[in-house]
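What follows is each chain in one-letter form.
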Amino acid sequence: MSATKFQGWLGKDEESVKGKMQWGEFEPKKWTEDDVDIEISHCGICGSDLHMLSSGWGPTPYPCVVGHEIIGKAVKVGKNVTHIKEGARVGVGAQARSCLQKDCPDCSNGIENHCHRGVVNTYGSVYPGDEGKSYGGYATHNRTNAHFVLNIPEGLDSADAAPMLCGGITVFSPLKNYGCGPGKTVGIVGVGGLGHFGVIFAKALGADKVVGISRKEDKKDDVLKLGADQYIATDGDKDWAKHNAQTLDLIVCTVSSEKMPLNDYLSLLKTKGTFIQVGAPDGGKLPNINAFTLIASGIKVGGSAIGSPAEIAEMLQLAADKKVKPWIQKRSMKEANQAVIDMVDGKARYRYVLEN
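Only a predicted model underlies this, so the values are computations on that prediction, with no experimental measurement involved. (Residues numbered from 1 in each chain as written. Predicted model: local features only at pLDDT ≥ 70, side-chain atom pairs only at ≥ 80, totals over all residues. Heavy atoms only, no water.)

Before we go on, may I ask you to explain the overall build of the chain in this structure?
When helices and strands are tallied, the chain shows 10 helices and 17 strands. Computed over its C-alpha atoms, the radius of gyration of the chain comes to 20 Å, within 12% of the 21 Å expected for a compact globule of 356 residues. C-alpha atoms of the chain, sized along the principal axes, occupy 65 × 45 × 40 Å. Sequence separation of 24 or more characterises 70% of the internal contacts of the chain that already satisfy a separation of 6 or more. Accessible surface for the chain amounts to roughly 15,400 Å². Of this, 49% is attributable to carbon and sulfur atoms. Looking at charge distribution, the chain has the averaged site of its 41 positive side-chain charges lying 2 Å from that of its 41 negative ones. (Helix = DSSP H or I, 4+ residues; strand = E, 2+ residues; numbered from the N terminus. Rg over C-alpha atoms; globule rule 2.2 N^0.38 Å. Contact = heavy atoms within 4.5 Å. Areas by Shrake-Rupley, 256 points an atom, 1.4 Å probe, with all protein chains shown as cover. Lys, Arg positive; Asp, Glu negative; His and termini not counted. Charge placed at Lys NZ, Arg CZ, Asp CG, Glu CD.)

Here is the structure:
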């Protein structure tokens, strides 16, 4: 069998986010018998891709092929890999490796996504030693450690499954871990690519009431069609914080802005409620929180990052069982540059998926 050619959309500098990625060959990480090579059929476009193309979260090690919502066919499987078979339909999310050591307090407890010792992202990371760099899914092929390669359940469309691997799990994980389910009222702040998954999965997990919260009135119909029971437009609904005070058990916030009305969002929580931040702003800055807001209501503020492979598998199975359908728009891999420009301009409703 001849060696596979890895080709993809290379971001070569900060200008690449303006639709200036260049198609070309790249050298994947050095092969090990713990790896899987995937022939990519679909890759979702995530907000993280834009941050990395523009060096928004710090300097990107260019050239970089972004994309971490990858679906495709396993075409080469390492000898040490038992759960993935050649020819299987598989997926890779935002993480390509962790330390996987038995004494790691994170990996040994099934929360590899929080590993503090050796996380490698699916793109834009440099592996330890001489293994090379990680390259993502705006490409023909991907090579990733098998621990982070998942079988895709039957009954789940590949284009639907792709954006679940980062966008979906980013909201599914905190919803599940912080008690979303029957008897609970849940708010989703920011109804874009992540937030629309928040509404869908909050309903799939059985929440009694789901409230979509966004700035503008124009998303109201969409959000209610997605399954939300109520919509709050913070720019248009007068005294929205006062009228909805102490109505939510859990809020998952997908917005990444240091100008968001955070103390107003916190006022929507019931006593002992929980606010979980998943949106990641450039520079990491959030608005100040008034200490008395926390103390008076006994509320908790926390964060969450993607999810472990086991959580992703659980989410995919739930999506297959409950026939979860995200709102996606398919785009040809050939038009990735235009799709990135449209994503920057906020035109996605609500997730673009590139198809090879």
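Can you walk me through unusual backbone geometry in this structure?
Note that the residue after Y62, namely P63, is joined by a cis bond; omega there is -5°. In this fold, P63 is placed in the loop between α1 (47-53) and β4 (70-77). For the bond running from R349 to Y350, omega is 0°, close enough to zero to count as cis. Along the polypeptide, Y350 turns up in the loop between α10 (336-344) and β17 (351-355). Positive phi, close to 60°, is recorded for S55, a residue that is not glycine. Assessed through its relative accessible area of 17%, S55 is described here as buried. Its identity is not glycine, yet I306 carries a phi of approximately 35°, on the positive side. (Buried < 20%, exposed > 50% of the residue type's maximum accessible area, 1.4 Å probe, protein only.)

Hey, could you run me through the packing of helix α3 (residues 167-177) against helix α4 (residues 193-204) in this one?
Two quantities define a packed helix pair, namely the angle between the axes and the distance from one axis to the other. Two elements in contact, α3 and α4, have axes separated by 8 Å at closest approach and are oriented at 45°. By the angle between their directions, the pair α3 and α4 is classed as oblique. Between α3 and α4 the crossing geometry is right-handed. Counted together, G167, G168, T170, V171, F172 and L175 of α3 and L194, F197, G198, F201 and A202 of α4 form the full contact between these two elements. Residues that form the contact of α3 with α4 fall into these classes: seven nonpolar, four polar and no charged. (Axes fitted to C-alpha atoms, helices over the stretch in contact; angles between N-to-C directions. Parallel < 35°, antiparallel > 145°, perpendicular 65-115°, else oblique. Left-handed = near helix turned anticlockwise from the far one by under 90°. Nonpolar A, V, L, I, M, F, W, Y, C, P; charged D, E, K, R; others polar.)

Teacher, can you tell me more about the pairing of strand β13 (residues 248-253) here?
Regular strands place their side chains on alternate faces of the sheet. Buried residues dominate β13, accounting for six of its six residues. Judged from the four bridges that link them, strand β10 (residues 185-189) and β13 form a sheet pairing that is parallel. The partner of G187 across the bridge, within β13, is I251. Sheet topology places β13 next to strand β14 (residues 269-277); five bridges connect them, and they run parallel. Following the sheet pairing, V252 is matched in β14 by I276. (Pairing = 2+ DSSP bridges.)

Before we go on, may I ask you to explain the UniProt feature "domain: Alcohol dehydrogenase-like C-terminal" (unreviewed entry) in the chain in this structure?
Within this numbering scheme, the UniProt entry marks residues 193-320 as carrying the feature "domain: Alcohol dehydrogenase-like C-terminal" (unreviewed entry). Each end of residues 193-320 is marked by a C-alpha atom, and these two atoms are 20 Å apart; helix forms 37% of the span and strand 23%. (UniProt positions renumbered as here; feature names shortened; annotations may be inferred.)

Can you help me understand the nonpolar core in this one?
Counting 46 residues, the largest nonpolar core has M164, L175, V186, F201, M315 and L316 as its most contacted members. Taken together, the elements giving at least two residues each to this core come down to α2 (158-161), α3, β10, α4, β12 (230-233), β13 and α9 (309-322). Broken down by element, this core gets its largest block of residues, seven residues, from α4. The contacts of V186, once residues within four sequence positions are left out, are L175, C180, A202, A207, K209, V210, V211, L248 and L250. In terms of nonpolar packing, the next biggest core, distinct from the first, is built from 38 residues, I84, Y135, M333 and V340 among them. (Core = buried A, V, L, I, M, F, W, Y, C linked by side-chain atoms within 4.5 Å.)

Could you clarify how one ought to interpret the pairing of β4 in this entry?
Of the pairings in the sheet, the one linking strand β3 (residues 35-44) to β4 comprises seven bridges and is antiparallel in character. Bridged to I38 within β4 is A74. With four bridges connecting them, β4 and strand β5 (residues 89-92) associate as antiparallel partners. Residue pairing across strands places I70 opposite V92, the latter belonging to β5.

Sorry if this is basic, but what is going on with the UniProt feature "domain: Alcohol dehydrogenase-like N-terminal" (unreviewed entry) in the chain here?
In the UniProt entry, the feature "domain: Alcohol dehydrogenase-like N-terminal" (unreviewed entry) is given for residues 33-154. As annotated, residues 33-154 comprises 6% helix and 29% strand, and the C-alpha atoms at either end are separated by 27 Å.

Sorry, what's going on with α9 here?
One full turn of an α-helix is made of 3.6 residues, so residues set three or four places apart face in the same direction. Helix length check: α9 (14 residues) gives 20 Å between terminal C-alpha atoms against 20 Å at 1.5 Å per residue, within 8%. Taken as a whole, α9 has its buried residues at P309, E311, I312, M315, L316, L318, A319 and A320. Looking at the buried positions of α9, the neighbouring elements they touch are β9 (149-151), α3 and α4. At the exit of α9 stands K323, carrying a positive phi of roughly 55°. (Expected span 1.5 Å × (residues − 1).)

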